[in-house]
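Structural overview for review
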Amino acid sequence: MCFGPFPLHQTMASRKESAASGSSPLETPVKQIQIDGLVVLKIIKHYQEEGQGSEVVQGVLLGLVVEDSLEITNCFPFPQHTEDDVDFDEVQYQMEMMRSLRHVNIDHLHVGWYQSTHYGSFVSRALLDSQFSYQHAIEESVVLIYDPIKTAQGSLCLKAYRLTPKLMEICKEKDFSPEGLKKACIGFEIMFEEVPIVIKNSHLINVLLLDLQEKSTVADKHELLNLSSSNHLEKSLQLLMDRVDDMNQDIGKYNTYCRNLSKQQQQKQQYLQRRQQENTQRQSRGEPPLPEEDISKMFKPPQAPPRMDTLLIAGQVTCQSVIFMGRSLF
Amino acid sequence: MISEDHVTLKTGVMMLKIQDLLLSDDEEDTKRVVRSAKDKRFEELTNLIKTIRNAMKIRDMAKCLEEFEQLCRAFLKSKTIMDKEGVPQFYIRLLADLEDYLNQLWEDKEGKKKMNKNNAKALSTLRQKIRKYNKDFETEIASYKEVQSCSPDAFTSSSGSDDDDDEGITAKSLLKKKPQEEEKKAPEASKFLKGAADEESESEDDEESEDWGSDSVDSGSESEDNEGAAASLAVVFLKKYDSRRKKHKKKERLEEEADEEAEAEEGGWEKVKGGAPMVKEKPKMFAKGTEINSAVVVKKLTEILQARGKKGTDRAAQIELLHALAGISNENNLGEGILIKIKFNIIASLYDYNPNLAAFMKPDMWKKCLECIDELMDILFANSNIFIGENIAEDSENLAISDQPFRVRGCILTLVERMDEEFTKIMQNTDPHSQEYVDNLKDEGRVCGIIDRLLQYLETKGSTEEVCRVYLRRIMHTYYKFDYKAHRRSLGLQGETKSEQDQEESEGEDSAVIMDRLCKFIYAKDRTDRIRTCAILCHIYHHALHSRWFQARDLMLMSHLQDNIQHADPPVQILYNRTMVQLGICAFRQGMIKDAHNALLDIQSSGRAKELLGQGLLMRNMQERNAEQEKIEKRRQVPFHMHINLELLECVYLVSAMLLEIPYMAAHEFDARRRMISKQFHHQLRVGERQPLLGPPESMREHVVAASKAMKMGDWRTCHSFIINEKMNSKVWDLFPETQCVREMLVRKIQEESLRTYLFTYSSVYDSISMETLSEMFELDLPTVHSIISKMIINEELMASLDQPTQTVVMHRTEPTSLQNMALQLAEKLGGLVENNERVFDLKQGVYGGYFNRDQKGGYQQKQSYQRGKHHSHQRDPHRSRSCSPVLLTCVGWMQLL
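The rules we used
Residues numbered from 1 in each chain as written. Chains lettered and ligands numbered in written order. Predicted model: local features only at pLDDT ≥ 70, side-chain atom pairs only at ≥ 80, totals over all residues. Heavy atoms only, no water. Helix = DSSP H or I, 4+ residues; strand = E, 2+ residues; numbered from the N terminus. Buried < 20%, exposed > 50% of the residue type's maximum accessible area, 1.4 Å probe, protein only. Contact = heavy atoms within 4.5 Å. Areas by Shrake-Rupley, 256 points an atom, 1.4 Å probe, with all protein chains shown as cover. Core = buried A, V, L, I, M, F, W, Y, C linked by side-chain atoms within 4.5 Å. Expected span 1.5 Å × (residues − 1). Salt bridge = Lys/Arg side-chain N within 4 Å of Asp/Glu carboxyl O.

Scanning chain B for helices and strands turns up 43 helices and 5 strands. Every one of the 898 residues in chain B was classed for burial, and the buried ones make up 46%. Considering only residue pairs separated by 6 or more positions, chain B has 68% of its internal contacts joining residues 24 or more positions apart. When the accessible surface of chain B is split by element, carbon and sulfur atoms take 51% of a total near 45900 Å².

Below, the structure is given as structure tokens:
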């Protein structure tokens, strides 16, 4: 999967002037996200037009930070680029887009990115890396996850996520070993934090919506209780199962690693004991003790499997199971 | 070569160049080699030494090196003689001289510089070589040098005179004396050659005289005979030779007296051979007037046989000679003993005709061979007082006509076995699709006939071991043939359609009876494991071929061959594979689909059926198999007329797999741990699915795939039409002897299995279904339907019950839906996950437990009450499964909802 849009440092520079007047983003983290109706529609439209099946669409979010809330006022899609046009310069494209938008007096500050998802399978390494680089460059950036399937069933599903500060630190250190994660005391539950979303429309639009609501029939409210979603259920169940399989595999790997490690520990202990015995014998005989050897050289610890993937899968499983439950409920 | 030479030395029989017989008149190169091995070797050595010395003289180091290497080789060859005689002095001398010479050259820096590059290089190589080589002869060389220092002039003289100290003659002495000889002979030679005196013949003559030299030296008085000789020089030489030979003989054998005359005759004959124009008289082996008796003939025979296996011997001519000899002995009524002996040898030399093991006999040779063996058998049958055997020693033979029975050395069984092998070879090497193959195959009858006669013969005369061997041969020619007579007889068609000839044909025993008799004899009497194994396999094969499934199966199981066949040699393994395949096909014909599948599984799953059955080589890259291996493998191939049809085999396998697999697949559609019964069948299905455009089936495989698809839907009619139709009939089903039975069985099986599949697949749609409808749908009678369904219910394959009064099947609807099935699978997987997790935790206890021991306590426990129902019965320690608890909760929660 390709995570196209990425943070532009140049925008950071340009932001500094504006940030100086507002509250510092470092002090108060984003507590709420206010999305313009326009952005929501644009994202939906983008997926409708370009995303088919399990394909993922992505785009760049533009907006401003106002006190402790992030206002996303506009966005633009990121083109699906195929293998054959190599000369396509993503950075150039983003720059161009933002410059053009600026020219027509639209918010041009980069505040994150959005991505569609297929049955909630979005928690992945790529997303993590991408969001990390965003948050690293632009403190307040978020990732909006849009679930088209659920939306098609009648309930708009849009979620905003940020990496927790803890995870940011780990990612900064790039220490994904079991010990590192243990020290950081991180679990899959606290890797991402969801930020509440508020959709804001202009008064005119609100009026229109109210108008429409009165005209529309109430009948389709019962749709929610329909069990015709069993198709989707099966599908997400399938995906869930796949993830569980992955997880199982990972655990297996980790298991072997642990076993190897403990075996080696034992060997090491034995070796040391033998050494000691020999040395005491030698001492009693009046000979000089054996020279110390580098034990770590003799017993190279086995390569620890990176645990981050496991965490991610666990996160994914949780996320999917939640979504799944949601599906089965509606 | 050496051993052969020894023979020459011992017996003193001259070597013939039979080749000469075929030469035209004017070609004269009668070079008779009459030398002891020692002489020959020594001459070779001396010649080489001479060239070396010459090369030394002209400082040609390259030549020197080359010759020296040859010399070493020649010396090695004559090792046995050297061991007996000691290393000849002249050899030592050369070694010493050469080393001195080389050292001298080496010291001479000036000279070395002048040498060209090649020579210089050769010099250094040679110097190193000789230094190393001479180490072996250190003592000899030292003693030689000592002698040399004492009387230097003894060795410094020319090479001609210095070999007096050699014991016996060396070739050098021969060289020395040669001139004298030539002087002596010159006038006579010219006299003799006045007819065709050209230079060529003259030089040839020189050579001859060279050859003769050693003799003249050996028996000095002989030269006097020379002068006194009367007519032609050749006669003189031959005479001389003969007398010399006699001397040898006196030492070694004591049967001369009677032979003297014969020898003289022989001499005369030799002369004829030596002379050019004797070709026409070829058949005349003995001079006129000779009294031909068995001793003479035997001698002649041995003479001819001496040349056997030698280089340059014309094998065809040898065979003819033997034939002529047989004729002579026949004419003179020398008795069967001799005749048999000659026949044995004719056959042996026929086999010898091809030096290469891979090559096969030419048709005319083969015909001759068959005739010969036939005649031999005739004689053997006609004369019951002939004893033949391998163990009869050459000298205890009794060939002459006397009161005692004949005793002849030789083994007819081996000859026949070899003949059989030759026959196989011929069949292997003939294009199976040509008329030639058919023609060759016609000889099979003769081969069988010979084997039969041999069998009769050995039954009266042979040992049990031999009888076993010949029985096995007989079995090998019987087991793969379908006995149509017996088949017809069993069908009771015998009297109706048979003409008289057929009647006659059908007289003999059923092959089954023969097989039974022969095999049982072998089981009882054989002591070599191999023959018994082969016999059992053939017996099973024969049973299977004739649809005696239970006998075949029981024999296979009782023999326990399956356990240890992997230790057998490849031909037996091939036979085993053939037997298994035949067994499988037999089971199929009998409607034992499962057995058929099991029997064929091993062969088919490897995808190398062709190779495993010895019916052809698979194309493989050369790394896996070099040319040598390929040759060996080629030799193992089964001749075409014994092949098992591979398409039939595959079809039988696939159809059995279909009949087993499709209902199984339908029954276990949602089973996560479903196993494939037949990988190959699945492979074929996948191939079928991958096809972008699905036309009507063409090949056998496509037919089976199409039929499988129809069966999956429970559509037995379509399935039937795909499996049994014109195309498939001609390709497969018509190959069975009882075509109609097989087809009927197949239809019935298809109906039954389709019914089962239908019930598995669509039971969820029905609340109840009438058995009558089912019986109509599948054209099965009611009891059958009843029994099939009952069986399914008993085996818990179908959740239903039978309602007797209404004759309906009432479904219980306990089968979970696909979603439920998936949930079950997920639950199972999660169970596995938890187990794995626990394992990690066990390992980590105390060391790394903190990771899991975070603040979440209780969350899972609280919801334990959700865990109910059979799917979540696994009891866990809640503390341990923390990391995946949310998933489980979800699942459990969801299960409640459904």
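With that settled, consider the nonpolar core. Core analysis: the largest hydrophobic core is formed by 151 residues, its most contacted members being Phe588(B), Met658(B), Ile723(B) and Trp733(B). If you tally residues by element for this core, the top one is helix 33 (residues 646-667) of chain B, at 13 residues. Ignoring sequence-local partners within four residues, the contact set of Phe588(B) consists of Ile593(B), Ala596(B), Val652(B), Val655(B), Ser656(B), Trp733(B), Phe736(B), Val742(B), Met745(B) and Leu746(B). By size, the runner-up hydrophobic cluster in this structure holds 48 residues, among which are Tyr161(A), Leu163(A), Ala314(A) and Leu830(B).

With that settled, consider helix 29 (residues 570-589) of chain B. Residues and elements named next belong to chain B. Relative to the 28 Å expected for 20 residues at 1.5 Å per residue, helix 29 spans 29 Å between its end C-alpha atoms, a close match to the ideal helical length. Across the 20 residues of helix 29, 17 count as buried, placing the element largely inside the fold. Directly beyond the C-terminal end of helix 29, a positive phi value near 85° is found at Gly591.

Before going further, it helps to spend a moment on helix 40 (residues 782-794) of chain B. Residues and elements named next belong to chain B. Compared with the 18 Å implied by 1.5 Å per residue over 13 residues, the 18 Å span of helix 40 between its first and last C-alpha is a close match. Those residues of helix 40 hidden inside the fold are in contact with helix 38 (739-762), helix 39 (771-777), strand 4 (800-803) and strand 5 (808-811). In the stretch just after helix 40, Glu796 is the one whose phi turns positive, near 60°.

Residues and elements named next belong to chain B. Per the counting criterion, the structure on display carries 34 salt bridges over all chains. Taking the shortest distance from any N to any O, the salt bridge between Asp554 and Arg553 comes out at 3.3 Å. For Arg553, a relative accessible area of 29% translates into the label partly exposed. With a shortest N-O distance of 3.5 Å, Asp734 and Arg743 are connected by a salt bridge. In this structure Asp734 comes out as partly exposed when scored by relative accessible area, which is 42%. Residues joined in a network through salt bridges with shared partners are Asp374, Asp378, Arg446 and Arg453.

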